[in-house]
Each structure stands twice: as structure tokens, then as C-alpha cells.
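So the chains spell out like this:
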Amino acid sequence: MTRQMWTRRQMLQRGSAAFGGLLLGGCGRLSQSPSFHRILSSAEQLTYRAQRLIVGQSLAREFTTADLSPVFRSNGTARPRGALYNQLLTDNFEGWRLTVGGLVNRPLALSLAELRALPARTQITRHDCVEGWSAIGQWTGVPLGSVLAQAQLAPEVRFIVLFCADELERGDGGYYESIDLMDAFHPQTLLAYELNGRPLPVANGAPLRLRVERQLGYKQAKYLMRIEAVARLDGIGGGKGGYWEDRGYEWYAGI
Amino acid sequence: MGTPEIIRRHSLATRCLHWINALCVFLVLMSGLQIFNADPLLYWGQFGASPDHALLAIGAHGFPHWATLPAWQDLSTGRRWHFFFAWLLVFNSALYLLISMISGHVRHDLLPQRTEIAPAHIAHDIWNHLRLRFPKGADAKHYNVLQKLSYLGVIFVLAPIILATGLTMSPGFDAACPWLLTLFGGRQSARTIHFAAAMLVALFILVHLIMVVLAGPWNEVRSMITGRYVVPPGKQS
């Protein structure tokens, strides 16, 4: 009887170890399978549609100066390496222009002074990194929607793509991001040139960065150079709509 | 005593939903540890990042790789697993609640009876569990009070907390329901609560599995697969 109990227990142990091993090994294999990745990624569409339905045009919570993070953490590129950017930085961004092009009736090239002359918005919001941490900062900038209205989007435009001056890895083609029109025309979506009342530090994206408050940190493109209005995202970069999206992250980063 | 009495212990719905649930919980827990490892620090309040004061740090690099999904550092794939199976878990749990409310499973099998929640009865049950004395005969045909309370705690306390704190971590959802931030005291508090509640679920699973092994693994596992359960002979009913 004791013998049999032991055999049973051993069987159970070996059985569950084998089952667990199979499952874990299987999960590893599945993680690397492109077709299974597509199945897992289908959840993103569900999240996007559910959130667009529930969240709509509601505003992200705004905080007070008492809630500010003592240090606003910077992540990703802390200082772009390119010669062009460093020349612009040396000249205090005098020669820098934000170009707005693509499917627009009036292409624009705006200097920092011209952007600062436009009606501005200041908001204290929370920045959430995909890694899990959060920081609260005060942003001042021009609502992206007002710049896009000046440029006059063509009717077929569905996305706004933002191209940056930084490369995270040498030769990666440069950082870029994209958002849909609902986010582009959201009142809290800014082209920000100030953080906590001072010109944007280099580590946080000088001279201009995007704030798209209801999404994660990697959508908040820094070191903006060029904005393009497009009908589709394939054909740009890796085709997934952003630097991290091309590396497996969700295009809709509202979660 | 004669031939052992065999009863149909779990309904088909309970059995199917239990195994889908088990798969989902296992996968969201492990992919959750993968996500946690991207920043293995816990904070309290509206904000919290490495320059700020952390409430708790788990190792230098968080949990060991064998406990995470996938079993190597890969935040984006971990997130894909986590959100896919979180959705499935939500659908599965909603179906379980709906069926269990309608069928009376919650009322008849899970809610303790008045006599069962008497402190003396609970103390007696705890004492019996500590001595590894499990119910026999008629008493084995229904859940004991500790079982009922732990199942109810997971279903009606931990699961809703995990869902709500998970949603509070979403910057999109926060815009729709800013009251969640007030309820949990901020996104970083919500993240810490989400983690703590998930650890309690992991603890529940551990105890649950130990109890299955101690109570007779074949009989218990079979009752959750085929529904057939051999009542341990004991007190005559």
C-alpha cells in the first residue's frame, strides 16, 4: 500500500513536472511564433475599440503644482547624437523649423518663435512609462490640432506621423511615432516646448515634443523635426506606426 | 458501508470554466511578473519613478526568469500575453458569474450558512484543517466553510480589485473614470495593490493545490474533469 502511494505520488510529481515543462516550453515556442503572436496581438484591436468607445474625448486628469514629481525622469535618448541636431542645439535652435507636410493643402515650416506666438495651453499631467513608472510634469505648448488646422488636412488623412531627430541605436532610421486623428485633435494633445515652466531640457526632448496624454510614454515623441499627415502607416519605417511598434509594442498605447 | 458512494460534484459549466480560468490565471500571473520586472520597484501615490522613494524593491532584477512569461526579458511580448489572456479571463469570469448566479451555484454552494459562520464552527474547521482531517461522508458532499470563504474572497474581493487596479494603470481608462485614481490613491498605488492582490491569488493557488494533493488528488482532479466524485466514507448521513 505504501509502495503504491509512493508510486502514485511520484507519478503525480513527474506528471505535473512534465506538464509544467511542456506548457512552459510551449509558451516559449509560442512566444516566438509569428502566427501565434498575431493571435495574441488581436487583443490590441479589442482594447483600442473598447477604449475609444468608453473614453471618447474625455480629458486626462490634470494635477496641481503640489503634485509635481521632484525630478521628471527622462528615458530613451537623453541627447541625440546626430551632427545636425547638435548644430541646431549649439545655435539655440535658431535654425530649427518644424515642417508640416504630407497630405495637407498648406505645408508649413514653423520656427520656435512662431510656435511660441500661437495660442498656448499649459497642463499638469501624468506621464506613464510602459515599464511601469509614472512622473508628473507641467507642459506648455501649442495644441497639435490648431497647427493641423492651419495646414488644412486632406480628407483622406487618417494618421499624423511625427519624425524625430534621435536614433536610439545607430542606423535605426530614427525615432518616429504616429497617432490617429481623434488623439491629434484632442484638446490636451500638445506640441510642448516647456516643462515645469522652463524651456524643454534636451533630456526631455528639446526643442519640441509631443504630449498625447491618454497614452504611454513611448508615444510622446521627443526632438520633433517633421510632421506628416498620411492615409496609411505601412511604408513608413517598419510599417507598424512607430519605433517601438516596429519592435513589437502596441500601436495603441492607452493601456 | 459497501460500495463507495459516487456523486456528480461539479456541473459541466463549472468544470469547463474552471480549466479555462486556470489557464488564464497561470498565464496572466507569469506575464504579469514579466511586466513587473521591467521596473521591479513599487511606489505609493500618483507618481513614482526611479528618482523617487520606492515602497519596495524586489531583487535587483525582479523575479527569476523561470517565473516569467516569456522566460527571457521581453516586455512587449509579456504585455501581448497579459492583455490577451486578461480579456479572456474577463469574459470567462463574467460567464461564470452569470451561470453561477442563475443556477444557484453561488447561493447554494458558495455562500456559507448561518451556522457555518459561527466563530466556534470556523475555529473547529481551522483546527481540523491543521490536523489534516478532511470532511468525510455527508460533510464531504459540500464545500466546508474555509473553502467557501476563500473561494468567495477570490471571486468577489481579489478578482474585482485586480480588474479595477489594472484598469487604473491604463492612462486611457483613467481619462474615462478618473474616480478610480481617487479610489486607489493614484496610479502607482493601484499598481502596488494590483501586484499585492495578484500575489494573494498566487498564494491561494498554492494552498488550493496543496489541499487537492492532501485531500486525494485523483478523486479531486477527476471530479473537476468528469464531475464524478467518490465520497470519502465516514459518518452516515
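Undergrad: Honestly, the overall build of chain A in this entry has me stumped. Any pointers?
TA: If you tally the helices and strands in chain A, you get six helices and ten strands. A compact globule built from 255 residues would reach a C-alpha radius of gyration of about 18 Å, whereas chain A, at 23 Å, exceeds it by more than 25%. With respect to the principal axes defined by its C-alpha atoms, chain A has extents near 90 × 45 × 40 Å.

Undergrad: Please clarify how the pairing of strand β1 (residues 98–102) of chain A should be interpreted in this entry.
TA: Each regular strand carries side chains that alternate between the two faces of the sheet. Residue and element names in this part refer to chain A. In this structure, β1 lies alongside strand β2 (residues 108–110), joined through three bridges in antiparallel fashion. Its bridge partner being in β2, Thr99 is matched across the sheet by Ala109. Counting the residues that bridge the hairpin from β1 to β2 gives five residues. As paired elements, β1 and strand β10 (residues 224–230) share four bridges and run parallel to each other. Residue pairing for β10: Gly101 is matched across the bridge by Glu228.

Undergrad: Please clarify how the interface of chain B and chain A should be interpreted in this entry.
TA: How big an interface is tends to be expressed through the accessible area that disappears when the partners come together. Across the boundary between the two partners, chain B contributes 35 residues, which contact 41 residues of chain A. Elements with a minimum of two residues in the side of chain B that touches chain A: α2 (75–103), α6 (171–176) and α8 (187–215) of chain B. The biggest single contributor to the side of chain B that touches chain A is α2 of chain B, with nine residues.

Undergrad: For this particular structure, what's the right way to read the sheet that holds β1 of chain A?
TA: One key point about sheets: their strands pair by backbone hydrogen bonds, in either a parallel or an antiparallel sense. Residue and element names in this part refer to chain A. What the five strands build is an open sheet, ordered β2-β1-β10-β5-β6; its pairing is mixed. In the strand order of this sheet, the two ends are held by β2 and β6 (176–180), each with one partner. Taking each pair of neighbouring strands and ignoring which way they run, the sheet shows an average axis angle of 20°.

Undergrad: I keep staring at the domain arrangement of chain A and nothing clicks. Help me out?
TA: By the assigned domains, chain A splits into domain 1 (2–48) and domain 2 (60–247). Computed over C-alpha atoms, the centres of domain 1 of chain A and domain 2 of chain A are 42 Å apart.

Undergrad: Where do I start with the environment of Gly145 of chain A in this structure?
TA: Residues and elements named next belong to chain A. Of note, Gly145 is situated in helix α5 (residues 144–151). Residues Gly145 and Thr189 lie 44 residues apart in sequence; the distance between their C-alpha atoms is 7.6 Å. In this structure, Gly145 is in contact with Ala184, Phe185 and Thr189, ignoring residues within four places of it in sequence.

Undergrad: Would you mind going over helix α1 (residues 12–37) of chain B with me for this structure?
TA: Residues and elements named next belong to chain B. Here α1 spans 38 Å end to end across 26 residues, near enough to the 38 Å set by a 1.5 Å rise per residue. Taken together, the buried positions of α1 are occupied by Cys24, Val25, Leu27, Val28, Met30, Ser31, Gly32, Leu33, Gln34, Ile35, Phe36 and Asn37. Where the residues of α1 are buried, they touch α2 and α8.

Undergrad: Just to check I follow, could you spell out the nonpolar core for this structure?
TA: For soluble globular proteins, nonpolar side chains are generally found buried alongside one another. In this structure, Ile160, Leu162, Cys164, Tyr176, Leu191 and Leu224 of chain A are the most contacted members of the largest nonpolar core, which totals 47 residues. Contributions of two or more residues to this core are made by α3 (83–90), β1, β4 (134–143), α5, β5 (159–164), β6, β7 (190–195) and β10 of chain A. Ranked by residue count, the leading element in this core is β5 of chain A, at six residues. When sequence neighbours within four positions are dropped, the list of residues in contact with Leu191 of chain A reads Leu115, Gly141, Val142, Leu144, Val147, Leu208, Leu210 and Leu224 of chain A. Counting residues in hydrophobic clusters, the runner-up holds 29 residues, among them Ile255 of chain A together with Leu42, Ala86 and Ala190 of chain B.

Undergrad: Could you clarify how one ought to interpret α5 of chain A in this entry?
TA: Because the α-helix completes a turn every 3.6 residues, residues three or four places apart line up on one side. Residues and elements named next belong to chain A. Taken as a whole, α5 has its buried residues at Leu144, Leu148 and Ala151. Seen end-on, α5 carries its buried residues on one side only, within an arc spanning 55°. In this structure, the buried residues of α5 make contact with β1, β2, β4, β5, α6 (181–184) and β7.

Undergrad: Would you take a moment to explain the packing of helix α2 (residues 34–55) of chain A against α2 of chain B for this structure?
TA: The angle between the axes and the distance between the axes are what describe a pair of packed helices. It is at 8 Å that the axes of α2 of chain A and α2 of chain B come closest, and there the two elements cross at 65°. It follows that α2 of chain A is roughly perpendicular to α2 of chain B by the angle criterion. For the pair α2 of chain A and α2 of chain B, the sense of crossing is left-handed. When α2 of chain A is examined against α2 of chain B, the residues His37, Leu40, Ser41, Ala43, Leu46 and Thr47 of chain A are found in contact with a partner set consisting of Arg80, Trp81, Phe83, Phe84 and Trp87 of chain B. Residue composition of the contact of α2 of chain A with α2 of chain B, grouped by class: seven nonpolar, three polar and one charged.

Undergrad: Even after reading the chapter, I still don't get the pairing of β10 of chain A, so can you show me in this structure?
TA: Residue and element names in this part refer to chain A. The buried fraction of β10 is high, at five of seven residues. Pairing geometry for β5 and β10, over six bridges, is antiparallel. Considered in β10, the bridge of Cys164 is made with Leu224.

Thresholds applied
- Residues numbered from 1 in each chain as written.
- Chains lettered and ligands numbered in written order.
- Predicted model: local features only at pLDDT ≥ 70, side-chain atom pairs only at ≥ 80, totals over all residues.
- Helix = DSSP H or I, 4+ residues; strand = E, 2+ residues; numbered from the N terminus.
- Rg over C-alpha atoms; globule rule 2.2 N^0.38 Å.
- Pairing = 2+ DSSP bridges.
- Contact = placed C-beta atoms within 7 Å.
- Axes fitted to C-alpha atoms, helices over the stretch in contact; angles between N-to-C directions.
- Domains from an automatic or database assignment.
- Expected span 1.5 Å × (residues − 1).
- Buried ≥ 20, exposed ≤ 12 C-beta atoms within 10 Å, placed from the backbone.
- Core = buried A, V, L, I, M, F, W, Y, C linked by C-beta atoms within 7 Å.
- Arc of directions from axis to C-beta.
- Parallel < 35°, antiparallel > 145°, perpendicular 65-115°, else oblique.
- Left-handed = near helix turned anticlockwise from the far one by under 90°.
- Nonpolar A, V, L, I, M, F, W, Y, C, P; charged D, E, K, R; others polar.

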